[in-house]
Amino acid sequence: MNEHDKTQLGKTLWAIADHLRGSMNADDFRDYMFSFLFLRYLSDTYEDAAQKRTGRGLATVEQR
């Protein structure tokens, strides 16, 4: 990916974030997104830790 593509990607991501934020205050949106990203991190970390400890991943609907 060259610099022009990275710049375009950045602009596109900002435009998407602005659209999602809508009329919400930027600080409130930031807090919401940080919380969401933290929960995602916990979810990914928990599954990795469970796999290391048990030798298998978390049970899925198909495996039950």
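So, how was this worked out
- Residues numbered from 1 in each chain as written.
- Predicted model: local features only at pLDDT ≥ 70, side-chain atom pairs only at ≥ 80, totals over all residues.
- Heavy atoms only, no water.
- Helix = DSSP H or I, 4+ residues; strand = E, 2+ residues; numbered from the N terminus.
- Expected span 1.5 Å × (residues − 1).
- Polar contact = N/O pair within 3.5 Å; in protein donor to acceptor, adjacent residues only side chain to side chain.

Looking at this structure, I do not really get helix α1 (residues 3-21). What am I missing?
Residues three or four positions apart in an α-helix share a direction because the helix packs 3.6 residues into each turn. Over its 19 residues, α1 runs 27 Å from end to end, which matches the ideal 27 Å to within 8%, given 1.5 Å per residue. N-capping of α1 is provided by Asn2, with a side-chain oxygen placed 3.1 Å from the backbone N of His4. Remark: Gly22 follows α1 within two positions and exhibits a positive phi of approximately 55°.

How should I be thinking about helix α2 (residues 26-54) in this particular structure?
Counted at 1.5 Å a residue, the expected span for α2 with its 29 residues is 42 Å, and the 42 Å between its end C-alpha atoms agrees. Between the side-chain oxygen of the N-cap and the backbone nitrogen of Asp27 there are 2.9 Å, and the N-cap of α2 in question is Asn25. Following α2 by one or two positions, Gly55 has its phi on the positive side, about 85°.

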